[in-house]
Amino acid sequence: MERVRCLGCWSALGDAEVAVRPVKELVEELHLGEGRTNQNFIVDCGSRRFFVRLGADLPFFGVNRQREQAAARAAEAVGLGPAVRHAEADVMVVDFVDESRALTEEDLHAACDGTDGSLLKALGLALRRMHETPVPEELEAFLTAVGGSTVGWGGPHLAQWLHYAEEQNYSRLPLLPGLRDLIAELESVAGSLEPNRFCHFDLLADNLVLRSDGTIFLVDFEYAAPGQPLMDLAVLAMGCNLTPKEEGHLLSAYLNHEATPMELVRFKVPTKRTGQKSGGWAGWAPAPYFMK
């Protein structure tokens, strides 16, 4: 906590006392999610409150803080994320979003089963706006580094993790010898790629923040990368264990029209089992299963 307390950005706010508390102590009180690849802190400085993320790069997990910060600034620029007030190699300070709360899986089920239509509409709008946002150049550079146009539906993180697995003979995943064939089969069913968009790739419920005006902020961009929009939705659907009916409602809200049978088929390829012993590749997007 001393590292956070001594950040130079606080001096610009005057002589106010800097109070630092770990987020894990305030999860219930402030309705927050907990960090997984970083340490999170709440800082009160005078009358203002900030959220601080502290964490190093994690190359084997695909986490790069420069990319994360660029993605957070891009979200801020289009009104989809809190203002970034300070950034260093391993730290980012953003405004705390007052009168807000992280969503839960129960919230997502209520939205997607038709119980909370206003939340589903807000979610669809937020995801569309993110995917319409220009991809930051730092994220484009990551895509180029791992294969550029040869990266398919699974996105750059899957391409990178698969490379690590093959190069270092990872043994945790029994499917590894036939994995590229499985991916090719899935991609043939999903069809041609759309242009890559600004994707989050870690759309867990608690990375969606419901604001007091009913709009949604997106946070925690450590896995952000150029990719296929349907992959983002697939990660959300799988992470929240949505039913097929709920998945259809999510897709329709995102598309802003009733999903066609073909659109549903393309969406279900990365989210559902395909007759193989494993499901689609979206489950590998937010977590490197190729670790030893």
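So, how was this worked out
- Residues numbered from 1 in each chain as written.
- Predicted model: local features only at pLDDT ≥ 70, side-chain atom pairs only at ≥ 80, totals over all residues.
- Heavy atoms only, no water.
- Helix = DSSP H or I, 4+ residues; strand = E, 2+ residues; numbered from the N terminus.
- Contact = heavy atoms within 4.5 Å.
- Areas by Shrake-Rupley, 256 points an atom, 1.4 Å probe, with all protein chains shown as cover.
- Expected span 1.5 Å × (residues − 1).
- Buried < 20%, exposed > 50% of the residue type's maximum accessible area, 1.4 Å probe, protein only.
- Arc of directions from axis to C-beta.
- pLDDT = per-residue confidence, 0-100.
- Polar contact = N/O pair within 3.5 Å; in protein donor to acceptor, adjacent residues only side chain to side chain.
- Axes fitted to C-alpha atoms, helices over the stretch in contact; angles between N-to-C directions.
- Parallel < 35°, antiparallel > 145°, perpendicular 65-115°, else oblique.
- Nonpolar A, V, L, I, M, F, W, Y, C, P; charged D, E, K, R; others polar.
- Phe/Tyr/Trp six-rings, centres within 6.5 Å; stacked < 30°, edge-to-face > 60°.
- Lys NZ or Arg CZ within 6 Å of the ring centre and 35° of its normal.
- Salt bridge = Lys/Arg side-chain N within 4 Å of Asp/Glu carboxyl O.

Caption draft 1: A look at the overall build of the protein chain. In terms of helices and strands, the protein chain carries 11 helices and 10 strands. Taking as baseline every contact in the protein chain between residues at least 6 positions apart, the subset at least 24 positions apart corresponds to 68%. Just so you have it, the protein chain exposes about 13600 Å², and 52% of that area is on carbon and sulfur atoms.

Caption draft 2: Here's a closer look at helix α8 (residues 179–190). Under the 1.5 Å per step criterion, the end-to-end length of α8 is 16 Å for 12 residues, consistent within 8% with the ideal 16 Å. The complete set of buried residues in α8 reads Leu179, Leu182, Ile183, Leu186 and Ala190. Along α8, the residues classed as buried sweep out an arc of 100° about the axis, all on the same side. Turned more than 90 degrees off the buried face of α8, the exposed positions are Asp181 and Ser188. Backbone geometry just after α8 places Gly191 at a positive phi near 95°.

Caption draft 3: Structural detail: the confidence of the model for the protein chain. Looking at the protein chain, the pLDDT average stands at 86 and 85% of residues meet or exceed 70. Every residue in residues 273–281 is under pLDDT 50, and counting partners more than four places away or in other chains gives 26 contacts. Per-residue pLDDT stays below 50 along residues 283–292; that stretch engages in 38 contacts with residues further than four places along the chain or on separate chains.

Caption draft 4: Local environment of the side chain of Arg266. When you line up the elements, Arg266 lands in helix α11 (residues 261–271). Of note is the side chain of Arg266, whose polar atom sits 2.5 Å from the backbone oxygen of Ala190. Among all residues touching Arg266, those that are not within four sequence positions of it are Trp153, Ala190, Gly191, Ser192, Glu194 and Leu230.

Caption draft 5: Main features of the packing of helix α3 (residues 65–77) against helix α6 (residues 137–145). Relative orientation of the contacting elements α3 and α6 amounts to 135°, with a least axis distance of 8 Å. Judged by the angle between their axes, α3 and α6 are oblique. Between α3 and α6, the residues in contact are Gln66, Arg67 and Ala70 and Glu138, Leu139 and Phe142, respectively. Along the lines of polarity and charge, the residues of the contact of α3 with α6 split into 3 nonpolar, 1 polar and 2 charged.

Caption draft 6: Representation of the packing of aromatic side chains in the model. With the rule as written, the count across this model stands at 3 aromatic pairs. Their ring planes at 50° and their centres at 5.3 Å tell us that Trp10 and Phe50 sit as a pair that is tilted. With Trp10 in the loop between α1 (2–5) and β1 (18–22) and Phe50 in strand β3 (residues 48–54), the pair connects residues that are 40 residues apart, well separated along the chain. The buried category is assigned to Trp10, whose relative accessible area is 4%. We classify Phe50 as buried; its relative accessible area is 3%. Arg211 extends its terminal NZ or CZ atom over the ring of Phe217, reaching a point 4.0 Å from the ring centre.

Caption draft 7: Examining the pattern of salt bridges more closely. Counted under the stated rule, the structure contains 13 salt bridges. A salt bridge links Arg3 to Asp90; the shortest N-O distance between them is 2.9 Å. Taken together, the positions of Arg3 in helix α1 and Asp90 in the loop between β4 (84–88) and β5 (91–95) put the pair 87 residues apart, joining distant regions of the chain. Taking the relative accessible area as the measure of exposure, Arg3 reaches 35% and is therefore partly exposed. Note that Arg53 and Glu222 form a salt bridge whose closest N and O atoms lie 2.9 Å from each other. Here Arg53, found in strand β3, pairs with Glu222, found in the loop between β9 (216–218) and β10 (225–227); they are 169 residues apart in sequence, far enough to count as distant. The pair formed by Arg53 and Glu222 is uniform in burial state, with each residue classed as buried. Within this structure, Arg53, Arg65, Glu68, Asp220 and Glu222 form a network of salt bridges that share partners.

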